[in-house]
Amino acid sequence: MPAEALPGRFDVAIIGAGVVGCAIARRLALAGARVAVIEKALDILDGASKGNSAILHTGFDAPPDSLELACIRAGYEEYLSIHARLGLPLERCGALVIAWNEEQEAALPALMENAIRNGVIGIEPLDQAALRKAEPEVGAGARAAFRVAGESLIDPWSAPFAYLLQAVENGAMLLRGAEVTAASRDGDWRLETTRGEVRAGLVINAAGNFGDSVDEILLGRRDFTIRPRKGQFVVYDKPAAALVRHILLPVPTAVTKGVVVCRTAFGNLLVGPTAEDQEDRQQAALDPEQLKALIRRGEQIVPALKGQEVTAIYAGLRPATERKEYRIRAHAGQACITVGGIRSTGLSAALGIAAHVEQLAELAISPLEEPVWPSVGNISEFQPRDWQAAGHGGIVCHCELVTRREIMRALEGPLAARSLAGLKRRTRVTMGRCQGFYCSAELSRLTEGHFEQPMAEKVR
Amino acid sequence: MKLPTATDVLVIGAGPAGLAAATELAGHCQVLVIDREGAAGGIPRHCGHYPFGMREFRRLMKGPDYARALVARAEAAGVSIALRVNAVALHAGPSVSVTSDEGMTRINARRVVLATGVRETSRAQRLIGGTKPGGVLSTGALQGMVYLEGMRPFRRPVILGTELVSFSAIMTCASAGIRPVAMIEPEAGPTARWPSSLYPRLRGIPVHYSTRLTAIEGTDHVIAVAIDGPGGSRRIATDGVIVSGRFRPEATLLAAGGPVERDPHTGGPRIDAAGRCSDPDFHAAGNMLHPVETAGWCWAEGRAVGRAVLAGLKGDLRGPSHPVSLASDALSWVVPQFTGEGGAFDRLQLRVNRPVQGRLAVRVEGREVWSRRIHSRPERRIVVPMPRAGGPATIVLEEA
């Protein structure tokens, strides 16, 4: 890729195009700032944001009075108020927090109290009979539960994509394949990237699993050290989605929210994540033994999962630090804000984090009077899909019913997909049960000339 | 072509089985074949190698020529083929919801023939560890890239599996200048029979038996695989992985609550000896019934099922017959799942799920009616004559 430094001076440079960076870009662009988003990967959402459980949490189990809780609550409310306008789905299916032993059952009242104290409404205890009525397929070991009516399923990729698209349509610039290698400040920041220099008044570090090393580059020090926590997931084929209605959550521990069983926006059933600390920040390797253990755990929660077909397996890395709380800090006098340690609640909290960051930024700007509201194409099962409307040009990905029109659209425009992974996240292509058996060949032709790393080379 | 809203027989899938059934029916009734791909012919379209066509055309053909010949024969017989049409749901009646560039429509028919074929088991379904770089493909995807698109996804891949299709992957590689560096087989010997299992040696490709593929490495593209075998654990530098074989039916249309029930053993529809599904307005033929058979076999089966459909339309098909059950955990499936005379199937076909030796027997109401010594492996065809005596049949394997 040629060096193509972004022209001129930006009010704000955001490092990292994960869900948090995308939400901040949107917020600040709407606030009237000239925003640059710098992403080291070839496409957006390529780090921690690529593998999560796709739930919009209410914050019922967040630590009381924490910044994390405030951001989740604000993020949740804002998602509810903007999703329809951006074309984003919301499946308000609710969650059940299930106790599997006496000790967990004893912990339920305190969790419910915490939820109410956190301002979450729609909390309702369920005894064993009510639990069984609400979720007939849940395992025999389930003793009691409580419902959190507001917990919802969303599309984990279209949401941040829509945030960044709205930022870009309102003037923000995205620089991909650009890793920040050095930084200096002489009134303005000068960020050296692998694709040229970017000048900005304020820098926001939203670098996820690399938050600490980016702080080193910017400030010469770090307030925290990232110790990525790997989460592996198993995705079951569509028929399994009929087995549950709610998001099935365990009683959380100090370390993790635990293994969740829930439907996905794409009509599958998800079981995960694991919680494994590791050093590697780049690679989230799949481990068959852990996946088998996850499958066994899933079959305890929903026994009918036995014999259901697996469609996909994936692993994500949450940017955990040595402390549980978010590590958001405006560095006084240094025109720099670090947004670090956003672990598993990033998708839910992103819009709230963005609002918080806008306050910290104290930019002397005035909001756009008539901002553009783009609508993203729906790829979830919660709203009508493209294949249901005429003129789609035929189906390319048969398992996920992805149309030729959807693929061609995703390869165009300011946020055009630049990798197969990026195209998957925009369209669901190859994500289904055949994992590319049927459509890889046609896809390699359709994407020719669009990807930095082509799917295949032309030989004749 | 504007899709019709009704036809006598709707065939889903324009591969060898679907085209054979349609060709058999043409001239007797109105037949429409729909296929979701841009060209008819099914999987043989992207098998640019021999041997195809002996049964059907009495000559040795490459897959794409064979596919074209099947299509030409069907069209000459009066079959209509609509391409880029995806069936999305089956309904009692029968009728089928489809989507195409025209959007969503529904096609009513007197009978529906399901012939949607198979796919290979993916890396995800095998729970193979490691990262998820580009360059991990099924044989089907590789063949599509090489033969249909003239593209090459890697140069020095490893091949996982030693089924017939794994050796066909070697031929595909050879035609695109791809040189596999190893074959990996978890079992102690090859799954496919001699002589195809000699093929890697002729090509100078080492085959690692009793070896597991434990992890795939690489970020954007595969750089290596880790294997674990008799010689311990080691790493092979490579730029791709062909995850071959372990076929399973492409039976998405058999959704829960729909009219056609799934056989838990094959994963495809449960059929009687006439190829009729649990809803007898639906028939099925080809590899969706039995992962996996040759194109020629599927073609012959499609013809037989086509004849049975015709007999059914005339009211000449007999009613329900007796179930066939499996009485050994080494037997993985049997097709058809019911006995019967005068239908499309005059044999039972079955498979084992591990290498076995022993005596295979068929019992009808406790009485043994047939037996044979077998020495078999998974993915190898085992054929048993259709039991004639009336009553439920049981297949027993006494391992030696």
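Residues numbered from 1 in each chain as written. Chains lettered and ligands numbered in written order. Predicted model: local features only at pLDDT ≥ 70, side-chain atom pairs only at ≥ 80, totals over all residues.

Asker: Help me get a handle on the overall build of chain A, residues and values and all.
Answerer: Scanning chain A from terminus to terminus reveals eleven helices and 22 strands. C-alpha atoms of chain A, sized along the principal axes, occupy 65 × 60 × 45 Å. (Helix = DSSP H or I, 4+ residues; strand = E, 2+ residues; numbered from the N terminus.)

Asker: How would you summarise the interface of chain B and chain A if you had to cite specific residues and measurements?
Answerer: At the interface, 42 residues of chain B touch 43 residues of chain A. Of all elements in the fold, only strand 5 (95-100), strand 6 (103-114), strand 7 (118-120), strand 8 (129-130), strand 9 (136-138), helix 4 (139-148) and strand 10 (151-152) of chain B reach the threshold of two or more residues within the side of chain B that touches chain A. With five residues, helix 4 of chain B is the single largest residue contributor to the side of chain B that touches chain A. Looking at the side of chain B that touches chain A residue by residue, the classes come out as 14 nonpolar, 17 polar and eleven charged. Here two bridges tie strand 22 (residues 457-458) of chain A to strand 10 of chain B, and the two strands are oriented antiparallel to one another. In the strand pairing of strand 10 of chain B, Lys458 of chain A is matched with Met151 of chain B. (Contact = placed C-beta atoms within 7 Å. Nonpolar A, V, L, I, M, F, W, Y, C, P; charged D, E, K, R; others polar. Pairing = 2+ DSSP bridges.)

Asker: A description of the packing of helix 1 (residues 16-25) of chain B against helix 3 (residues 63-76) of chain B should follow, citing residues and the corresponding values.
Answerer: All names here are of chain B. In the contact formed by helix 1 and helix 3, the axes pass within 9 Å of each other and the chain directions differ by 20°. Of the possible angle classes, the one that applies to helix 1 and helix 3 is roughly parallel. Regarding helix 1 and helix 3, the two cross each other, and that crossing is left-handed. Every residue of helix 3 that contacts helix 1 at Pro16, Leu19, Ala22 and Thr23 is listed here: Leu70, Val71, Arg73 and Ala74. For the contact of helix 1 with helix 3, a count of residues per class yields six nonpolar, one polar and one charged. (Axes fitted to C-alpha atoms, helices over the stretch in contact; angles between N-to-C directions. Parallel < 35°, antiparallel > 145°, perpendicular 65-115°, else oblique. Left-handed = near helix turned anticlockwise from the far one by under 90°.)

Asker: So what's going on with the domain arrangement of chain B? Residues and values would help.
Answerer: All names here are of chain B. If you check the domain split of chain B, you get domain 1 (1-120 + 246-320), domain 2 (122-245) and domain 3 (322-400). Distance between the C-alpha centres of domain 1 and domain 2: 31 Å. Of the residues lining the interface, eleven residues belong to domain 1; the matching set on domain 2 comes to 13 residues. By residue class, the composition of the side of domain 1 that touches domain 2 is four nonpolar, three polar and four charged. (Domains from an automatic or database assignment.)

Asker: Mind laying out the confidence of the model for chain B, listing which residues take part and the relevant values?
Answerer: Of the residues in chain B, 99% reach a pLDDT of 70 or more, and the chain-wide mean stands at 94. Quick note on the complex model: pTM equals 0.96, ipTM equals 0.95. (pLDDT = per-residue confidence, 0-100.)

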